[in-house]
Amino acid sequence: MASEQMTLAAYLEAWSAGDASRQEVSATILEMAKASAELSALVAEGPFVRGLAKTIGDAGGGDVKKFLDVEAHKLFKAALQNAPVAAIGSEEADNAEILNEKAPLVVAIDPLDGSSNIETNVSIGTIFSVLPVAEGMSPDEALLQAGNAQVASGFVLYGPQTTLVMTVRDGTQLFTMSPKDRVFRLTRANLQISPNKAEYAINASNERHWPKPVQTYMRELNAGTAGARQRDFNMRWVGSLVAEAYRILIRGGIFLYPGDSRPGYEAGRLRLVYEAIPLALLMTEAGGAASDGTRAILDIKPDDLHQRIPLVFGPPDEVRRIEYYFQVPPVEQDSPLFSDRGLLRD
Ligand code: AHG
Ligand code: MN
Ligand code: MN
């Protein structure tokens, strides 16, 4: 069905033909795409928009709120008023906000991911998750379903190109916005995560705070050809989750933002509902895996809209390896045999 260069609208029309529920999902994604094209233009104006990167408040837990965070939230909220969406659960609002109360869908959103990179002209993005409102379910309950319930998810990357990576559970599709007519066109169909890329993404400055299984895993990667992995690894850390996710979907690699011993970071920094869950569906649809170190992200039922979750994603073998280290008693991990022997020798 998917042919290169087809527009997002044509892709969604073909996918939803004759199916009213799918047409509701398509309408929602098209509204998200329209708003993201507008946000892309605002981001590109940069310093010409007074205070674009200005901090306007404290979002709590070490997160600051930037002007663009709030502008992005307003943009997507206004757009979703025109879609069959009952409520929006946003990083930028304490509680879910009702839109079209009786509508069949809800949207969880990180309107602007990578806020710390706004003033550094580094790629930033928007992450979204689309969930059904089941019979008798309130919009709030609908937003707190496990990720397996999602009908769609995606992220937009505002970088050298503006790209939309999206799934309606029919593979992970990459659409690029043409600068000429600002229309999203399919540029890569059915992305598949490469299992062999020796590249990791982690904020290495937190090494002393990581749990032992992560220290063990990272020590092995950094031991290179002399260690259990018998290969050298490269490191990339952009500081925008969407940029790391895009790179890993395009060329492979493993991403980790573990919980750590810093106060407030017990469950890491990233949010379950509007960062980990949408990304987990995209990674899984691309043949990858996503975990909190012990459970598949898609199986986890959120308790709270803003709860944090440790997040690891990439090729299934790497995710499984990290999960195994969380099961092995720490004392065993100290023995030189453990590292030399290597668990799942490549
Ligand atoms: P947000 O700007 O939506 O708060 O997300 C920022 C997140 C994520 O994009 C990125 O991977 C992570 O914060 C970077 O965290 P550190 O600054 O601790 O490395
Ligand atoms: Mn974010
Ligand atoms: Mn954000």
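Predicted model only: the values in this text are computed from it and were never measured.

Q: Can you break down the side chain of Thr 172 residue by residue, with the values?
A: Within the secondary structure, Thr 172 is located in the loop between β8 (162-167) and β9 (173-177). A polar contact is formed between the side chain of Thr 172 and the backbone oxygen of Leu 282, at a distance of 2.7 Å.

Q: Pulling in residues and values, what's your account of the site of ligand 1?
A: The environment of ligand 1 is formed by 15 residues, the closest being Asp 113, Gly 114, Ser 115, Leu 241 and Tyr 257. Asn 203 is positioned with one of its side-chain polar atoms (N or O) 2.9 Å from an oxygen atom of ligand 1. Arg 269 has a polar side-chain atom sitting 2.9 Å from an oxygen atom of ligand 1. Burial of ligand 1 by the protein amounts to 88% of the accessible area it has alone, namely 470 Å². Most atoms of ligand 1, that is more than half of them, are within 2 Å of grid points of the largest pocket. Here the element with the most residues in the shell around ligand 1 is strand β5 (residues 105-113); it accounts for three residues. Looking at the shell around ligand 1 residue by residue, the class counts come to five nonpolar, five polar and five charged. Both domains that furnish three or more residues to the shell around ligand 1 are identified here as domain 1 (2-188) and domain 2 (199-338).

Q: Could you give an account of the coordination of the manganese ion (ligand 3), naming the residues involved and the relevant values?
A: Within the protein, Glu 91 (OE), Asp 110 (OD) and Leu 112 (O) serve as the donor atoms for the manganese ion (ligand 3), at 1.9 to 2.3 Å. We note that the donor set of the manganese ion (ligand 3) lies within a single chain, spaced as E-x18-D-x1-L. Between the manganese ion (ligand 3) and the manganese ion (ligand 2), both coordinated by Asp 110, there is a metal-metal distance of 3.7 Å. Pair noted here: Glu 91 is in the loop between β3 (85-90) and β4 (97-98) and Leu 112 is in strand β5, with a separation of 21 residues, a long-range link. Classification of Leu 112 by relative accessible area gives buried; the value is 1%.

Q: Can you tell me about the coordination of the manganese ion (ligand 2), naming the residues and giving the values?
A: Tetrahedral coordination by four donors sets the ideal angle at the metal to 109.5 degrees; octahedral coordination by six donors sets it to 90 or 180 degrees. The coordination sphere of the manganese ion (ligand 2), as far as protein atoms go, consists of Asp 110 (OD), Asp 113 (OD) and Glu 275 (OE), spread over 1.9 to 2.1 Å. Each donor residue of the manganese ion (ligand 2) belongs to the same chain, and together they define the spacing D-x2-D-x161-E.

Q: Would you mind going over the sheet that holds strand β15 (residues 311-314) in detail, with residue names and values included?
A: The mixed open sheet is built from five strands, whose spatial order is β12-β11-β13-β15-β14. Bordering the open sheet on either side are β12 (234-235) and β14 (289-291), each of which pairs with just one other strand. Here β14 runs beside β15; their pairing, made up of three bridges, is antiparallel. Within the sheet, the bridge partner assigned to Ser 291 lies in β15 and is Val 312. Sheet strands touched by helix α5 (residues 212-223): β11 (199-201) and β13 (254-257). Its angle to β13, the strand with the most contacts, is close to 145 degrees.

Q: Can you explain the sheet that holds β9? Please cite residues and give values.
A: Two modes of strand pairing occur in sheets, parallel and antiparallel, and in both the strands are linked by backbone hydrogen bonds. The strand order across the open sheet built from eight strands is β4-β3-β5-β6-β7-β8-β9-β10, with neighbouring strands paired in mixed fashion. Pairing within the sheet leaves two strands with one partner each, and these edge strands are β4 and β10 (184-188). Looking at chain direction, β3 and β5 are connected through five bridges and run parallel. Looking at β5, one finds that Val 85 is bridged to Leu 105. Running over the sheet, helix α2 (residues 20-45) touches β3, β5, β6 (124-132), β7 (152-158), β8, β9 and β10 and is turned about 15 degrees from β5. Contacting β3, β4, β5, β6 and β7, helix α3 (residues 67-80) crosses the sheet at an angle of about 155 degrees to β5.

Q: Any details on the packing of aromatic side chains? Residues and values, ideally.
A: Inspection of every chain in the model, using the stated rule, returns six aromatic pairs. Their ring planes at 50 degrees and their centres at 6.0 Å tell us that Trp 237 and Tyr 257 sit as a pair that is tilted. With Trp 237 in the loop between β12 and α6 (241-251) and Tyr 257 in strand β13, this pair connects stretches of sequence that are 20 residues apart. On the basis of relative accessibility, which here comes to 26%, the residue Trp 237 falls in the partly exposed class. Feature note: the residues Trp 237, Phe 255, Tyr 257 and Phe 313 constitute an aromatic cluster, connected by ring pairs. Positioned above the aromatic ring of Phe 233 is the side chain of Arg 231, whose terminal nitrogen or guanidinium carbon lies 5.8 Å from the ring centre. In this arrangement the basic side chain of Arg 262 is found over the ring face of Tyr 265, its NZ or CZ atom lying 3.7 Å from the centre.

Q: Lay out the layout of surface pockets in plain terms, naming residues and giving numbers.
A: Taken as a whole, the largest pocket spans an internal volume of roughly 630 Å³. Within the residue set of the lining of the largest pocket, elements represented by two or more residues are β1 (55-60), β2 (63-66), β5, α6, β13 and α7 (272-285). The greatest single-element share of the lining of the largest pocket, amounting to four residues, is contributed by β2. Mapping the lining of the largest pocket onto the domain boundaries places at least three of its residues in each of domain 1 (2-188) and domain 2 (199-338). One number sums up the size of the second largest pocket: a volume of about 460 Å³. Lining the second largest pocket are 25 residues, and of these Val 43, Ala 44, Asn 121, Tyr 158 and Gly 159 sit closest to its centre. Among the elements of the structure, α2 and β9 are those that each provide at least two residues to the lining of the second largest pocket.

Basis of the calculations
- Residues numbered from 1 in each chain as written.
- Chains lettered and ligands numbered in written order.
- Predicted model: local features only at pLDDT ≥ 70, side-chain atom pairs only at ≥ 80, totals over all residues.
- Heavy atoms only, no water.
- Helix = DSSP H or I, 4+ residues; strand = E, 2+ residues; numbered from the N terminus.
- Polar contact = N/O pair within 3.5 Å; in protein donor to acceptor, adjacent residues only side chain to side chain.
- Near = heavy atom within 4 Å.
- Areas by Shrake-Rupley, 256 points an atom, 1.4 Å probe, with all protein chains shown as cover.
- 1 Å grid on protein atoms, 1.4 Å probe; cavity = no way out; pocket = protein on both sides within 12 Å on 5 of 7 lines; lining within 4 Å.
- Sits in = over half its atoms within 2 Å of the grid points.
- Nonpolar A, V, L, I, M, F, W, Y, C, P; charged D, E, K, R; others polar.
- Domains from an automatic or database assignment.
- Donors = N, O, S within 2.8 Å, 3.2 Å for Na, K, Ca; no water.
- Buried < 20%, exposed > 50% of the residue type's maximum accessible area, 1.4 Å probe, protein only.
- Pairing = 2+ DSSP bridges.
- Contact = heavy atoms within 4.5 Å.
- Axes fitted to C-alpha atoms, helices over the stretch in contact; angles between N-to-C directions.
- Phe/Tyr/Trp six-rings, centres within 6.5 Å; stacked < 30°, edge-to-face > 60°.
- Lys NZ or Arg CZ within 6 Å of the ring centre and 35° of its normal.
- Points joined across faces, edges and corners; volume = space filled by probe spheres on them.

None of this, on its own, says anything about what the molecule does.
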